[in-house]
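Chains, contacts and geometry: an overview
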Amino acid sequence: MLKVRDTSFSIDGNLILHDINLTVDRYQIVGLVGKNGAGKTTLFNIICGLINFSEGEVTFNDRTPNDVKYFNELFFIPDTMLVHEYLKGIEYIEFVSSLYSKEISNEEIQSMLNYFDLKDNADMLIRDYSKGMKMKIAIIVALLLKPKLIILDEPFNGLDPTSCIKLMDALKYYSEKYGSVLFSSHTLDFVEQISDKIYFLTDKTLREVTDKNLMELFKNE
Ligand SMILES: Nc1ncnc2c1ncn2[C@@H]1O[C@H](COP(=O)(O)OP(=O)(O)OP(=O)(O)O)[C@@H](O)[C@H]1O
């Protein structure tokens, strides 16, 4: 379903990503690791059609990012999620679901808020949310919309340990029932625990990790 083929990207003549090949299949969780500045966010921005690439091809269900339908079934949660500060949590959920023309039952919303321990904050302005709470409301929206692919850039950042465990369980459940997940993280344990496939971004190139011993990889970085 998601295919990145022989894709390269440069900024002002500096090569950031070289000849990237990546696939995410249906119902798969794919983890992406790499040191600071390796190019993970850049790669997600390319996949999400937010920046243009110089060479290669990106397709999602055979559509390219210059086709408006490409974005229909893909939901991206950036590392610093820009949520609408002057909406309440519950209003934000309602607003985004209306943008996507998705009817989500109140029961489903309440159960998701409850699961991520945000029920008591649903009527609070997002402006007053903590960093972790903002990430959780974005994750809740993504899970409720049920797109075919959720892309999350460092979703565990700022989450407390209980929320991290809940997020891992929620992503596993999501990938079994609804769709695929592509995420990046610096927490190697989480990546090893939930990923069906892991990619390592280093020296501008991407390779699939087969032995799952990520600690060893980073020792030699
Ligand atoms: N707008 C920009 N102009 C110039 N260089 C940029 C720009 N955006 C990103 N870069 C460079 O591209 C490289 C990859 O950055 P990117 O943010 O994709 O890394 P990352 O793997 O997500 O890092 P981190 O783990 O720290 O979030 C870095 O060397 C960065 O300096």
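All values reported here derive from a predicted model rather than from experimental measurement.

Points about the nonpolar core
- By size, the foremost hydrophobic cluster in this structure holds 59 residues, and its most contacted members are Ile47, Ile137, Ile140, Ile151 and Leu182.
- Those residues in contact with Ile137, other than ones at most four positions away along the chain, are Val83, Gly89, Tyr92, Leu118, Ile126 and Tyr129.

Comments concerning the sheet that holds strand 6 (residues 149-153)
- Read from one edge to the other, the open sheet built from 6 strands follows the order 5-6-7-3-8-9, with strand pairing classed as mixed. On the outer flanks of this sheet lie strand 5 (74-77) and strand 9 (205-209), each paired with one strand and no other. Neighbour-to-neighbour, the strand axes of this sheet turn through a mean angle of 20°, independent of strand direction.
- Bridge count between strand 3 (residues 29-33) and strand 7 (residues 180-184): 4 bridges; the pairing is parallel.

Observations regarding the site of the ligand
- Ile11, Ile16, Gly34, Asn36, Gly37, Ala38, Gly39, Lys40, Thr41 and Thr42 make up every residue found near the ligand.
- With 3 residues, helix 1 (residues 40-47) is the single largest residue contributor to the shell around the ligand.

Observations concerning the packing of helix 4 (residues 131-145) against helix 5 (residues 161-177)
- The N-to-C vectors of helix 4 and helix 5 enclose an angle of 15°; their axes lie 12 Å apart at closest approach. The pairing of helix 4 with helix 5 is recorded here as roughly parallel in orientation. Here the hand of the crossing between helix 4 and helix 5 comes out left-handed. Along its contact with helix 4, which presents Gly132, Lys136, Ile139 and Leu143, the element helix 5 presents Ser163, Leu167, Ala170 and Tyr174.
- Looking at the contact of helix 4 with helix 5 residue by residue, the classes come out as 5 nonpolar, 2 polar and 1 charged.

Quick notes on the sheet that holds strand 1 (residues 2-11)
- In spatial order, the strands read 2-1-4; together these 3 strands make up an open sheet with antiparallel pairing. Only two strands of the sheet have a single partner each, and these edge strands are strand 2 (14-24) and strand 4 (55-60). With strand direction ignored, the average angle separating the axes of adjacent strands in the sheet is 25°.
- Strands in contact with helix 1 are strand 1, strand 2 and strand 4; relative to strand 1, the strand with the most contacts, it is inclined by about 120°.

Details of the environment of Glu57
- By secondary structure assignment, the location of Glu57 is in strand 4.
- Judged by C-beta crowding, with 11 C-beta atoms within 10 Å, Glu57 ranks as exposed.
- Sequence separation of Glu57 and Asp6 is 51 residues, and the distance between their C-alpha atoms is 6.8 Å.

Section: the confidence of the model for the chain
- Looking at the chain as a whole, its pLDDT mean stands at 94, while 100% of the residues score no less than 70.
- Predicted complex, confidence summary: ipTM 0.95, pTM 0.95.

Some words on helix 2 (residues 89-99)
- Among the residues making up helix 2, those that are buried are Gly89, Tyr92, Ile93 and Val96. Buried residues of helix 2, viewed axially, fall in a sector of 100°; they line one side.
- Summarising the contacts, the buried residues of helix 2 are in contact with helix 3 (106-115) and helix 4.

Quick notes on the rules
- Residues numbered from 1 in each chain as written.
- Predicted model: local features only at pLDDT ≥ 70, side-chain atom pairs only at ≥ 80, totals over all residues.
- Core = buried A, V, L, I, M, F, W, Y, C linked by C-beta atoms within 7 Å.
- Buried ≥ 20, exposed ≤ 12 C-beta atoms within 10 Å, placed from the backbone.
- Contact = placed C-beta atoms within 7 Å.
- Pairing = 2+ DSSP bridges.
- Helix = DSSP H or I, 4+ residues; strand = E, 2+ residues; numbered from the N terminus.
- Axes fitted to C-alpha atoms, helices over the stretch in contact; angles between N-to-C directions.
- Near = placed C-beta within 6 Å.
- Parallel < 35°, antiparallel > 145°, perpendicular 65-115°, else oblique.
- Left-handed = near helix turned anticlockwise from the far one by under 90°.
- Nonpolar A, V, L, I, M, F, W, Y, C, P; charged D, E, K, R; others polar.
- pLDDT = per-residue confidence, 0-100.
- Arc of directions from axis to C-beta.

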